[in-house]
Amino acid sequence: MRKIYEIIKPFLPIIFGSLILLLYLNLLSVNGWPLALGIIAVVMAAYYIGLGIVMIILGDKLPEKLKDILYLVSICFFPVFTFVYYLLLVINGHDGYGPTGWVLSIIMLASSLGVVVLYVLANFLAGSIFKRILKLVAIAFILAMLLFVIFDINGAPIDLGDIVVVSLVIDFIYANMLISAIINLKEVTKSEKPKSEPKSVEEAPSEE
């Protein structure tokens, strides 16, 4: 199973972007805020597909700083889109929300925005407390994604036959990407710790 994952891993951004593209492409045929959401989703999907292709073809040839920037954007793009998506849903459909819907929406909005802010801070502030807080917020975001698979936006439970499998796969792939990113941050933090230099030993004065 691990070997299969290692084979698929380089293609995950392409699979991720393709699923997002197919899921939201139909929004381009409507009007109003769903159209704007569809445009953002298509741009995001194109980025992940392009990123996957570039990393497969030019992965080792890209400068490390450029790879870090591309990776940073890939981790932040999806929660930014998620924040915009649920914010628009709250603005336009809050009249039908029950207490559960409000709680889930608030958790999703707070955790998605928190992942973006804390991940950026954790990248630029090595060894800071932001990395520890990021773990908690990331767990909350992954939990919120899971809850919105089994509950609808109004807070009502979803029947097993009504679960959107594509959304579940998208959430699973991103959760894997986010966890891997946090693990890499931990490794970078350890490697960046300054090594203690050996104490200099004063040479004894040579006898004449």
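Structure: see above.
Definitions and cut-offs
- Residues numbered from 1 in each chain as written.
- Predicted model: local features only at pLDDT ≥ 70, side-chain atom pairs only at ≥ 80, totals over all residues.
- Heavy atoms only, no water.
- Helix = DSSP H or I, 4+ residues; strand = E, 2+ residues; numbered from the N terminus.
- Buried < 20%, exposed > 50% of the residue type's maximum accessible area, 1.4 Å probe, protein only.
- Polar contact = N/O pair within 3.5 Å; in protein donor to acceptor, adjacent residues only side chain to side chain.
- Contact = heavy atoms within 4.5 Å.
- Core = buried A, V, L, I, M, F, W, Y, C linked by side-chain atoms within 4.5 Å.
- Phe/Tyr/Trp six-rings, centres within 6.5 Å; stacked < 30°, edge-to-face > 60°.
- Axes fitted to C-alpha atoms, helices over the stretch in contact; angles between N-to-C directions.
- Parallel < 35°, antiparallel > 145°, perpendicular 65-115°, else oblique.
- Left-handed = near helix turned anticlockwise from the far one by under 90°.
- Nonpolar A, V, L, I, M, F, W, Y, C, P; charged D, E, K, R; others polar.

Visitor: Explain the side chain of S74 to me, and be specific about the residues and the numbers.
Guide: Checked against the element boundaries, S74 lands in helix α4 (residues 64-93). Residue S74 is classed as buried on the basis of its relative accessible area of 1%. Side-chain polar atoms of S74 contact the backbone oxygen of Y71, separated by 2.6 Å. Among residues more than four places away in sequence, those in contact with S74 are Y47, Y48, L51, Y174 and M177.

Visitor: Break down the nonpolar core for me, citing the residues and quoting the values.
Guide: Nonpolar side chains tend to gather and get buried jointly when the protein is soluble and globular. Core analysis: the biggest nonpolar cluster contains 42 residues, and F16, I20, F78, Y119, F141, Y174 and L178 have the highest contact counts within it. At the level of elements, α2 (12-24), α3 (33-58), α4, α5 (99-124), α6 (130-150) and α7 (165-191) are the ones that each hand at least two residues to this core.

Visitor: Describe the packing of aromatic side chains, naming the residues involved and giving the relevant values.
Guide: The final tally for this structure, using the stated rule, is 14 aromatic pairs. With 5.9 Å between their ring centres and 55° between their planes, Y47 and F77 make a pair best called tilted. You can see Y47 sitting in helix α3 and its partner F77 sitting in helix α4, a full 30 residues away along the chain. Ring centres of Y85 and Y86 lie 5.0 Å apart, and the angle between their planes is 85°; on these two criteria the pair is classed as edge-to-face. The partly exposed category is assigned to Y85, whose relative accessible area is 23%. For Y86, a relative accessible area of 12% corresponds to the buried category.

Visitor: How would you explain the packing of α4 against α6 if you had to name every residue and give the values?
Guide: Where α4 meets α6, the closest approach of the two axes is 13 Å, and the angle between their N-to-C directions is 50°. Put simply, α4 runs oblique to α6. Our pair here, α4 against α6, has a crossing hand that is left-handed. Residues F78, P79, T82 and Y86 of α4 touch α6, and the partners they reach there are F141, M145 and F148. For the contact of α4 with α6, the class distribution of residues is six nonpolar, one polar and no charged.

Geometric descriptors of this kind do not, in isolation, establish any biological role.
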